[in-house]
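# Chain and residue survey
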Amino acid sequence: MNSFLQLQEEDANKFVRVYQDDVRHHVASRLNTVRLISDIFEHFFPRLSDTVTVMMGGDTIDAEDVYLTVQEADPSGGDTPPRPPGANNDEDITR
Amino acid sequence: MEDLDIITAYREKRNGICFRLLHDRYASKIYGKALTMLKKEATAKDATQEIFTKIFLSLGKFGGQSKFSTWVYSITYNYCIDLIRKEKRSRDIFADEVENPPDVEVEEVSDEALTTTKVNELRVVLREISEADRTLLLMKYKDGVKIREIAKMLGKNDSTVKMQLKRAKEKAKRKHEALFPGAKPER
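Quick summary incoming for the structure in this document. As the structure is a computational prediction, the values presented were derived from the model and not from experiment.

## Focus on the overall build of chain B
Across its full length, chain B holds ten helices and zero strands. Put simply, chain B runs from its N terminus to its C terminus through helices and strands in the order α-α-α-α-α-α-α-α-α-α. The buried share among the 187 residues of chain B stands at 47%. Of the contacts formed within chain B by residues at least 6 apart in sequence, a portion of 68% connects residues at least 24 apart. Of the roughly 10,100 Å² of accessible surface on chain B, a fraction of 49% belongs to carbon and sulfur atoms.

Dropping the structure here:
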């Protein structure tokens, strides 16, 4: 066998024996950290930038129409909260 | 399981087993190549970590046009060359001999004269010769990099690399004879 290839094999064996687990662990934890940071950034940056924009007197970039007020949400406009499911004609619900 | 299947599975689910499979398949090869170029074990180990992080973070860019091993290999070499440049052990170390060639006539040394040297003796010889010679010999005979690829990596033409390689072999042989007089090649 080519001595250079033998040399390569010896180096590879030493790596597997001594360093491999350490390197794998290090890479995995670093990847997890990078992903955590990018996930946080992805989720919170739009909200943060909207907050800063509103504080400076501007409008949000991505206005949410689904956040309705109580009046908008309840067309009858009543003060009473909606009935719980299953309650009919002011009967008490026995649970 | 083919590399591409593992990569696809990893991209979809970020599966730990796929990560482990890919890592264990290539880690020792990357380490070997890094050790060839960076010389020190600790530096090669750190480089392996950096290269792997780079590979996994840019796995989305791998289109599958070339073999995964080729892609990994090019990232490894580019990283190591950048590191060498940063440490000011730049490519110029390879240029030195071309600009100042030794006056002596270079004796043609056969590949077998080196490849049949005993491993322990080869280790000593490689430690004793210059970094440029060592890297060239290891790239060619240990990693099996083609002359054209070495030339591309070092920014030189093929004939320059061939000449440097010829000189490196000759120096290694002379060093071996000086360090181990009367040593017989391994069979």
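## Section: the packing of helix α1 (residues 3-55) of chain A against helix α3 (residues 41-57) of chain B
Relative to each other, α1(A) and α3(B) sit at 40 degrees, their axes nearing to 9 Å. On the basis of the axis angle, α1(A) is oblique to α3(B). The two elements α1(A) and α3(B) meet at a crossing, and its hand is right-handed. Taken together, the residues of α3(B) that come into contact with α1(A) (itself represented by K14(A), F15(A), Y19(A), D22(A), V23(A), H26(A), V27(A), R30(A), L31(A), V34(A) and R35(A)) are E41(B), K45(B), T48(B), Q49(B), E50(B), F52(B), T53(B), F56(B) and L57(B).

## Remarks on the environment of H43(A)
Residue and element names in this part refer to chain A. Tracing the backbone through its elements, the reader meets H43 in helix α1. Among the residues examined, H43 registers a relative accessible area of 54% and is labelled exposed. A distance of 2.9 Å separates the side chain of H43 from the backbone oxygen of D39, its partner in a polar contact.

## Some details on the interface of chain A and chain B
Each partner contributes to the interface: chain A provides 26 residues, whereas chain B provides 35 residues. A buried area of about 2,900 Å², summed over both sides, lies between chain A and chain B, and 61% of it is on carbon and sulfur atoms. A salt bridge links D11(A) to K142(B), with the nearest nitrogen and oxygen atoms 3.3 Å apart. Taken together, the links from chain A to chain B amount to eleven residue pairs in polar contact (both at pLDDT 80 or more).

What counts as what
Starting from 1, residues in each chain are numbered consecutively following that chain's sequence as written. Labels are handed out in written order, letters beginning with A for the chains and numbers beginning with 1 for the ligands. Only residues with pLDDT of 70 or above have their local features reported here, since the model is predicted, and side-chain atom pairs are shown and tallied only from 80 upward, although totals for entire chains, interfaces and linings are computed over all residues. Hydrogens and water molecules were not included; the side-chain quantities draw on all heavy atoms of the structure. Where helices and strands are cited, they refer to DSSP runs of H or I of at least four residues and of E of at least two residues respectively, numbered from the N terminus. Residue exposure (1.4 Å probe, protein chains only): buried if accessible area is under 20% of the type maximum, exposed if over 50%, otherwise partly exposed. By the convention used here, residues are in contact when the closest approach between their heavy atoms is within 4.5 Å. Only the protein chains shown count as cover for residues, with accessible areas throughout obtained via the Shrake-Rupley method and a probe of 1.4 Å. Each axis is a line fitted through C-alpha atoms, taken for helices only over the stretch in contact, and angles between the N-to-C directions span 0 to 180 degrees. In this scheme, roughly parallel covers angles under 35 degrees and roughly antiparallel covers those over 145, while 65 to 115 is roughly perpendicular and the rest are oblique. Take the far helix as your reference; a near helix turned counterclockwise from it by less than a right angle gives a left-handed crossing, and one turned clockwise gives a right-handed crossing. Each polar contact in these results corresponds to two N or O atoms within 3.5 Å; when the atoms are within protein, one needs to be able to donate a hydrogen and the other to accept it, and residues that are neighboring in sequence are counted only if both atoms are side-chain atoms. Here the buried area means the combined drop in accessible surface, using a 1.4 Å probe, for two parts upon being joined, counting both sides. Whenever a carboxyl oxygen of Asp or Glu lies within 4 Å of a side-chain nitrogen of Lys or Arg, that contact is scored as a salt bridge.

Bear in mind that shape data such as this cannot, by itself, settle questions of function.
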